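The chain contents come next:
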Amino acid sequence: MNPPLVVETKSDGCADLAAVLDRCVDKTRRNLPDLVAKPASWSRDPRGEYPAWDEAFLSIHNWTTSFFTGMGALAFQRTGDPWFLGQLEKLLPIYDEKIGQCADETMHDLGFLYSLYSVALFKLSGERRHRQSGLNAAAVLADRFVPQGQYIRAWGRVDERDTEYAGLAIIDSLMNMPLLYWASAESGDPKFREIAIKHTDTTLRHFVRADASVFHAFRFDLVTGEPAGGDNYGGHSIESQWARGTAWAMYGFVLAFSHTKNRRYLDASVVLTERFLGLLDEELVPVWDFRLEQGNDPVRDSSAAAIAVCAIQELEALGWATGVMGEYKRALIERLCRADYFDRDPACRGILRNGQVGTRQGEARNAYTSWGDYFLMQALAREIGLEVSWW
Ligand code: GLY
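Position labels on residues start from 1 in each chain and follow its written sequence. With pLDDT at 70 or above as the cut-off, local features in this predicted model cover only qualifying residues; side-chain atom pairs require 80 or more to be listed or tallied, and sums for whole chains, interfaces and linings still use all residues. The basis for the side-chain values is all heavy atoms of the structure; hydrogens and waters are excluded.

Novice: When you look at empty space enclosed by the protein in this model, what are you seeing that I'm missing?
Specialist: A water-sized probe rolled over the atoms picks out the places where empty space is left. Put simply, the grid is 1 Å and covers the protein atoms alone, a cavity is a trapped set of points that fit a 1.4 Å probe, a pocket is an open set with protein on both sides within 12 Å along at least five of seven lines, and lining residues have an atom within 4 Å of a point. Grid points are joined across faces, edges and corners, and a volume is the space filled by probe spheres set on the points. Taken as a whole, this structure holds 1 cavity of 30 Å³ or more when the rule is applied. Reported here for the largest cavity is a volume of approximately 30 Å³. Lining of the largest cavity is provided by Arg209, Val214, Phe215, His216, Asn232, Gly235, Ser237, Ile238, Ser240, Gln241 and Trp242. Taken together, the residues of the lining of the largest cavity sort by class into 4 nonpolar, 6 polar and 1 charged. Three classes are used, and their members are as follows: Ala, Val, Leu, Ile, Met, Phe, Trp, Tyr, Cys and Pro are nonpolar, Asp, Glu, Lys and Arg are charged, and the others, Gly among them, are polar.

As structure tokens, then:
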């Protein structure tokens, strides 16, 4: 028997998605003041107690704070309550510090961080200080572009070459490209967009395999830029198929298509999406890696499911989702809204249970994840017709 839905069902037996979204709004109302009082990455936690994740906002490893600011933006969209924008405004000085005095201590996820903060707040409030922050962040991100190899370096200070991260690009980076498209549209400078297109072309060429799976990471020779081969930090192994990495690619490529109208990006997103959906079993929420060897714990990754829903919604919005994709989208949302995934307890900060966090030894364990919470909330918001304009 299926676990119960977290809210009353409607007469057609479906979850009332607006009511589920309102539970996310309630948790956001609780979380934001604590994050604002002590900004940190709040990345993930087995109990959903995000402040226990002890990583400073200014840490070079922080890629996650803005999933909470993004939830604040969604909560504002849902409620119209200016309190949410007021809370978010208070974070502007530290966001500026990160790409000002601390700009060297950053990595490629400036896209996640500033699309879901500066771009979102500029779009919602018209406040030009956020526009300037977003443009400054895009400039720091663009400086990570490596002309030999034509990719954006993922991790580590960009001036450090004596590290395994030099010469490394990762699939997740596709989600950071919308900041660059936005920066070109906003500033009139084509440089950002050109870099995004070059990075996306490189990703298409080297990461996507013939069987519609993707490498998590790929290395390039530091001097010549020649491709050196696939690598892995997120999934089970180099040749495996990390579910969340696939979901990043599904969503990242369709967003690239929405900005460029390049059909090759659309085709990549469609093929990866069809393959991803074809690999789902009765549980619907994917095992964290589709190519686990026997004996590995088949931990599920709810965050990959939430990201995949957002990818399908984008394909739908652009008119390219098939009927089957639409059916999977509805089924996945419904699945994530059942009590074994959706945590309705107001005392718990986390929303979505059973996100996967890798160990870099190719293992996985479960946690509430800030990105899973965000993408589920975004999916719910979009499903009831709210606009999400910051990608
Ligand atoms: N972008 C890092 C992750 O998906 O775990």
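Moving on from the coordinates now.
Novice: Please clarify how the layout of surface pockets should be interpreted in this entry.
Specialist: Within this model, the largest pocket holds a volume of roughly 630 Å³. Arg44, His61, Trp63, Trp155 and Arg360 are the residues nearest the centre of the largest pocket, which is lined by 27 residues in total. A per-element tally of the lining of the largest pocket places strand 7 (residues 355-358) first, with 3 residues. Looking at side-chain class alone, the lining of the largest pocket contains 12 nonpolar, 9 polar and 6 charged residues. Within this model, the second largest pocket holds a volume of roughly 220 Å³. Lining the second largest pocket we find 20 residues, and of these Lys123, His259, Ser389, Trp390 and Trp391 sit closest to its centre. Contributions of two or more residues to the lining of the second largest pocket are made by helix 5 (110-125), helix 7 (177-187), helix 9 (243-260) and helix 13 (370-383). Secondary structure follows DSSP: runs of H or I at least 4 residues long count as helices, runs of E at least 2 residues long count as strands, and numbering of each begins at the N terminus.

Novice: Explanation requested: the packing of helix 11 (residues 302-317) against helix 13 in the structure shown.
Specialist: Relative orientation and spacing of two packed helices are given, respectively, by the angle between their axes and the distance between those axes. To define axes, lines are fitted to C-alpha atoms, for helices over the stretch in contact only, and angles between the resulting N-to-C directions are given on a 0 to 180 degree scale. Where helix 11 contacts helix 13, the axes come no closer than 8 Å and their chain directions differ by 30°. Judged by the sense of rotation from one axis to the other, the crossing of helix 11 with helix 13 is left-handed. Side by side, helix 11 and helix 13 meet where Ser303, Ala306, Ile307, Val309, Cys310, Gln313, Glu314 and Ala317 of the first sit next to Trp371, Gly372, Phe375, Leu376, Gln378, Ala379, Arg382 and Glu383 of the second. Considered class by class, the residues forming the contact of helix 11 with helix 13 number 9 nonpolar, 4 polar and 3 charged. Should the near helix be turned anticlockwise from the far one by less than a right angle, the crossing is left-handed, and should it be turned clockwise, the crossing is right-handed. In what follows, a contact means two residues having at least one pair of non-hydrogen atoms within 4.5 Å.

Novice: Would you explain the side chain of histidine 206 in this entry?
Specialist: Locating histidine 206 in the fold gives a position in helix 8 (residues 191-206). When sequence neighbours within four positions are dropped, the list of residues in contact with histidine 206 reads Phe215, Phe218, Phe220 and Pro227.

Novice: How should I be thinking about helix 10 (residues 263-278) in this particular structure?
Specialist: An α-helix turns once per 3.6 residues; consequently, residues spaced three or four apart project the same way. In this model helix 10 runs 22 Å from its N-terminal to its C-terminal C-alpha over 16 residues, within 8% of the 22 Å that 1.5 Å per residue would give. Type-normalised accessible area, obtained with a 1.4 Å probe on protein chains alone, sets the label of each residue: buried when under 20%, exposed when over 50%, and partly exposed for intermediate values. Turning to helix 10, its buried residues are Tyr265, Leu266, Ala268, Ser269, Val270, Leu272, Thr273, Phe276 and Leu277. Its buried side turned inward, helix 10 meets helix 8, helix 9, helix 11 and helix 12 (323-336). Whenever a nitrogen or oxygen atom comes within 3.5 Å of another N or O atom, the pair is scored as a polar contact, on the condition that within protein one atom can donate a hydrogen and the other can accept it, and that pairs from neighbouring residues in sequence are kept only if both atoms are in side chains. For helix 10, the N-terminal cap is asparagine 262; the gap from its side-chain oxygen to the backbone nitrogen of arginine 264 is 2.9 Å. Each helix should span, by expectation, one fewer than its residue count multiplied by 1.5 Å.

Novice: What am I meant to see in the site of the ligand here?
Specialist: Think of it this way: one heavy atom of a residue within 4 Å of a molecule or strand is enough to make that residue near it. Taken together, Trp63, Asp172, Trp242, Arg244 and Trp248 make up the full set of residues near the ligand. Within the contact set of the ligand, a nitrogen atom lies 2.6 Å away from a side-chain nitrogen or oxygen of aspartate 172. Here tryptophan 248 contributes a side-chain N or O atom positioned 2.9 Å from an oxygen atom of the ligand. Within the complex, the protein chains bury 83% of what would otherwise be the 200 Å² of accessible surface of the ligand. What decides whether a molecule sits in a cavity or pocket is whether more than half of its atoms lie within 2 Å of the grid points. Using a 2 Å cut-off from the grid points, one finds that the ligand occupies the largest pocket. For the shell around the ligand, the class distribution of residues is 3 nonpolar, no polar and 2 charged. Here the Shrake-Rupley method, with its probe set to 1.4 Å, supplies the accessible areas, and only the displayed protein chains count as covering residues.

Novice: Help me understand the sheet that holds strand 1 (residues 44-45), please; the structure alone is not making it clear to me.
Specialist: The strands that make up a sheet pair up through hydrogen bonds in the backbone, lying either parallel or antiparallel. Within the open sheet, the 3 strands sit side by side as 1-8-7. Their pairing is antiparallel. Each of the sheet's edge strands pairs with one partner strand only, and the pair in question is strand 1 and strand 7. Contacts between helix 13 and the sheet are confined to strand 1, strand 7 and strand 8 (364-369), with strand 8 contributing the most and set at about 55° to the helix. Strand pairing is assigned whenever DSSP detects at least two bridges linking the two strands.

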